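This is what each chain is made of:
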Amino acid sequence: MAPPRILLCGDVLGRLNQLFKRVQSVNKSAGPFDALLCLGQFFPDSPDRLDEFMDYVEGRSEIPLPTYFIGDYGVGAAKVLMVASKSSANQGFKMDGIKIANNMFWLKGSGKFTLHGLSVAYLSGRRSSDGQQFGTYSQDDVDALRALAEEPGVVDFFLTNEWPSGVTNKAATSDIPPGISDSLGCDSTVSELVAEIKPRYHIAGSMGVFYAREPYSNIDAMHATRFLGLAPVGNKAKQKFLHALSPIPASTMSAAEISMKSPNTTTSPYTFVDQAANSKEGTKRPSTNVSDSQYWRYDVSQKRQKHGGGDGDGDGDKLCFKFIYSGSCPRGEKCNFRHDTDAREQCLRGVCLDFIIKGKCEKGPECSYKHSLQTEDESHSHRRTRSENAGSNRSKECWFCLSSPNVESHLIVSIGEYYYCALAKGPLVQDHVLIIPVEHSPNTISLSLECEKELGRFQNSLKMYFKKQGKEAVFFEWVSKRGTHANLQAVPIPSSKAAAVKDIFNLAAEKLGFKFMSMQSTSNSDGRRSLRTQFDKNFNFFYVELPGGALLSHVVEENEKFPAQFGREVLAGLLNMADKADWRNCMVGKEEEIKMAEDFKKRFEEFDPNQ
């Protein structure tokens, strides 16, 4: 399949008529292109261009292809972005773009998402100390990117509005456009971030010129980076403001391919940035190591004292931003900051983090996030009252609702009346699948008897399918009291290891300081009836169904430390696959996912209860 085709643009300054006329021309002659990414100021620089801009925002003029922007400042920006921020569909963590209009998306704050197979990271807004709500980035946005920089995988595109300081220092002097100065319009924070993220392409606007730097090598990475600065739309010097790229996504490239460098590759211009950062960090945070600042976000000492949990001193009273942001932390037990599952789950429900931690938000009514803790009853009241509008909003936000635009339908391999089956994203092993309720339910335990019967059929079918391959099925579910959409995981293991599964789960439990409740059942229905007697919706709950009918369960106490990925981590240890304990390390491209799903459906066809 051909690599994605992406158009890049500098400061738009509200000149959407001129921009999209040029885009349509290029799309016709050299397209089709998949998306347009805009850097630098996107909104008008004068009020007389606002009407033209609003024609596109309000749908009177058509936007020819999906357009993403990070330059959230200029005339009319606050009004337009305030409306978008208050939309219920745009609350919570939404890194792949907040919809402003049809085919127009705002990349707010900072984040990373996948666009047609390409890994795209961004920092929206400009550096400022005046605390504006729109048009500037915060320290939290910077910390988020630093946390993302540690995640596995190579970032293809890094988008910033401002240029990094130092980027022209090592280039040939004849290539530096006149008027470029590293002391004016360049941002040292961007330099530090790009040195950490190490993208394949760093694209920026706002300098008023077009500049393509020679590729440079990265420190501690085998691939090179290319910097590209783009001129504004309609600039008088007629410098290039639109540029096309069609890179093969790094996730689909071999190590040899991604490490290839052109003969004109230079050394990194950011060596001095790394040294300066280490020097500053050594004086600023003597009590912790240099990378600690990537992990914490909020001081929760007051919250801890309020609930009687500790004396409020030290880094243990600060939340691990990495954990809240991604659900895991590579430091594990060695992390100096708290892994607060409740805070992460509330955040995923769209609750303002300042409100969660401090009990108040300085932005007040202007904040686009929720200012009340979301309980299970509140979260799912729309389902019980069967409100059509609220149900629609829920489905749009959920990754597992079949009606949601976020559902990865290419992974679905079988659909029944009450459940459907899908391949796991980032599977631990081949044929690792999820059994997911069609209904938006936070767990599979409390569903109706008819649902239970269909779940049993799915489980029996998977057991027979795995048996034919000389394997046994292990089923497990993590039930959070603030869970959203449940999924029961089914992992095949070699029959030779089936006898050891119970022991390794018990050993893992012992290391965490608890003991499983164990029972033996002769059928799925008997075992799950027993689960219902132990389950309490006011507590988190974990259970695993083992080969041979043994069932282990554990009610997680309020302040108990229990990893959400416990089931997968234990099985990764059993299978000697510790590097695959985190699903993010196992992700593959969409094309490979499609092929995996098609192959599974062919093999599973004779066992599928819905055929």
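As the structure is a computational prediction, the values presented were derived from the model and not from experiment.

Analysis parameters
Residues numbered from 1 in each chain as written. Predicted model: local features only at pLDDT ≥ 70, side-chain atom pairs only at ≥ 80, totals over all residues. Heavy atoms only, no water. Phe/Tyr/Trp six-rings, centres within 6.5 Å; stacked < 30°, edge-to-face > 60°. Helix = DSSP H or I, 4+ residues; strand = E, 2+ residues; numbered from the N terminus. Buried < 20%, exposed > 50% of the residue type's maximum accessible area, 1.4 Å probe, protein only. Lys NZ or Arg CZ within 6 Å of the ring centre and 35° of its normal. Pairing = 2+ DSSP bridges. Axes fitted to C-alpha atoms, helices over the stretch in contact; angles between N-to-C directions. Contact = heavy atoms within 4.5 Å. Right-handed = clockwise from strand over helix to strand, strands pointing away. Salt bridge = Lys/Arg side-chain N within 4 Å of Asp/Glu carboxyl O. Polar contact = N/O pair within 3.5 Å; in protein donor to acceptor, adjacent residues only side chain to side chain. Core = buried A, V, L, I, M, F, W, Y, C linked by side-chain atoms within 4.5 Å.

A.B. asks: Describe the packing of aromatic side chains, naming the residues involved and giving the relevant values.
C.D. replies: Using the criterion set out here, one finds 33 aromatic pairs in the structure. Residues F476 and F542 carry aromatic rings whose centres are separated by 6.3 Å and whose planes lie at 35 degrees to one another, so their mutual orientation is tilted. Here the residue F476 occupies a position in strand β21 (residues 471-479), and F542 occupies one in strand β24 (residues 540-545), the gap between them amounting to 66 residues. Residue classification places F476 among the buried residues on the basis of a relative accessible area of 4%. An aromatic cluster is defined as three or more aromatic residues linked by ring pairs; in this entry it consists of F476, W478, F505, F514, F516, F542, F562 and F566. The ring centre of F33 lies 4.9 Å from the NZ or CZ of R5, which sits over that ring. Above the face of the Y73 ring, R126 is positioned so that its terminal group lies 3.7 Å from the ring centre.

A.B. asks: Give a description of the sheet that holds strand β18 (residues 412-415) that names residues and reports values.
C.D. replies: The strands that make up a sheet are held in pairs by hydrogen bonds between backbone atoms, and each pair lies either parallel or antiparallel. Spatially, eight strands are ordered β18-β19-β20-β22-β21-β24-β25-β23 in an open sheet, and the strand pairing comes out antiparallel. What marks the edges here is a single partner per strand, and that holds for β18 and β23 (517-520). Shown here is a sheet whose adjacent strand axes are inclined to one another by a mean of 20 degrees, direction ignored. Summarising the sheet, strand β19 (residues 419-423) and strand β20 (residues 433-437) pair through five bridges and their orientation is antiparallel. Within β20, the position partnered with A422 by the bridge is L434. Strand contacts of helix α15 (residues 501-512): β21, β22 (488-494), β23, β24 and β25 (550-556), with the helix running at about 15 degrees to β25, the strand carrying the most contacts. Across the face of the sheet, helix α17 (residues 566-574) comes into contact with β21, β22 and β24 while running at roughly 150 degrees to β21.

A.B. asks: Pulling in residues and values, what's your account of the pairing of strand β1 (residues 6-9)?
C.D. replies: Residues I6 and L8 of β1 are buried on one face, and the alternating residues L7 and C9, pointing to the opposite face, are buried as well. Bridge count for β1 against strand β2 (residues 35-38) is four bridges, and the pairing is parallel. Counted as the bridge partner of C9 is C38 from β2. Handedness of the β-α-β unit built from β1, helix α1 (residues 16-30) and β2 comes out right-handed.

A.B. asks: Give me the pattern of salt bridges: which residues, what numbers.
C.D. replies: Under the counting rule described, the total for this entry stands at 19 salt bridges. The partner of E58 in a salt bridge is R60, and the shortest N-O contact between them spans 2.6 Å. For R60, a relative accessible area of 52% corresponds to the exposed category. One salt-bridge network, held together by shared partners, links E452, R528, R532 and E545.

A.B. asks: Tell me about the environment of R568, and name the residues and values.
C.D. replies: Examined against the element boundaries, R568 turns out to sit in helix α17. Using a relative accessible area of 3% as the deciding quantity, one classes R568 as buried. Within the local environment of R568, its side chain forms a polar contact with the backbone oxygen of A581, the two atoms lying 3.3 Å apart.

A.B. asks: Residue-level account of unusual backbone geometry, with values.
C.D. replies: Following G31, the chain continues to P32 via a peptide bond in cis, the omega torsion being 5 degrees. Looking at where P32 falls in the secondary structure, it is placed in the loop between α1 and β2. Phi is positive for H116, close to 50 degrees, though the residue is something other than glycine. Considering the arrangement of structural elements, one finds H116 in the loop between β6 (110-115) and β7 (118-123). Residue classification places H116 among the partly exposed positions, given a relative accessible area of 45%. Positive phi outside glycine occurs at K238, with the angle close to 55 degrees.

A.B. asks: Could you give me a rundown of the sheet that holds strand β3 (residues 67-69), with the residues and numbers involved?
C.D. replies: A sheet is described by the order of its strands in space; here six strands give the open sequence β4-β5-β3-β2-β1-β15, paired in mixed fashion. The open sheet is flanked by β4 (98-101) and β15 (242-245), the only strands paired with a single partner. Each neighbouring strand pair of the sheet contributes to a mean axis angle of 25 degrees, computed without reference to strand direction. Sheet topology places β4 next to strand β5 (residues 104-106); three bridges connect them, and they run antiparallel. Looking across to β5, one finds that I98 is bridged to W106.

A.B. asks: So, the nonpolar core: which residues are in play, and what are the values?
C.D. replies: In summary, soluble globular proteins display a tendency toward joint burial of nonpolar side chains. Counting 34 residues, the largest nonpolar core has L19, L36 and M104 as its most contacted members. Within the residue set of this core, elements represented by two or more residues are β1, α1, β2, α2 (50-57), α3 (77-86), β4 and β5. Within the second largest apolar cluster, 30 residues are counted, among which are I445, L447, Y465 and F607.

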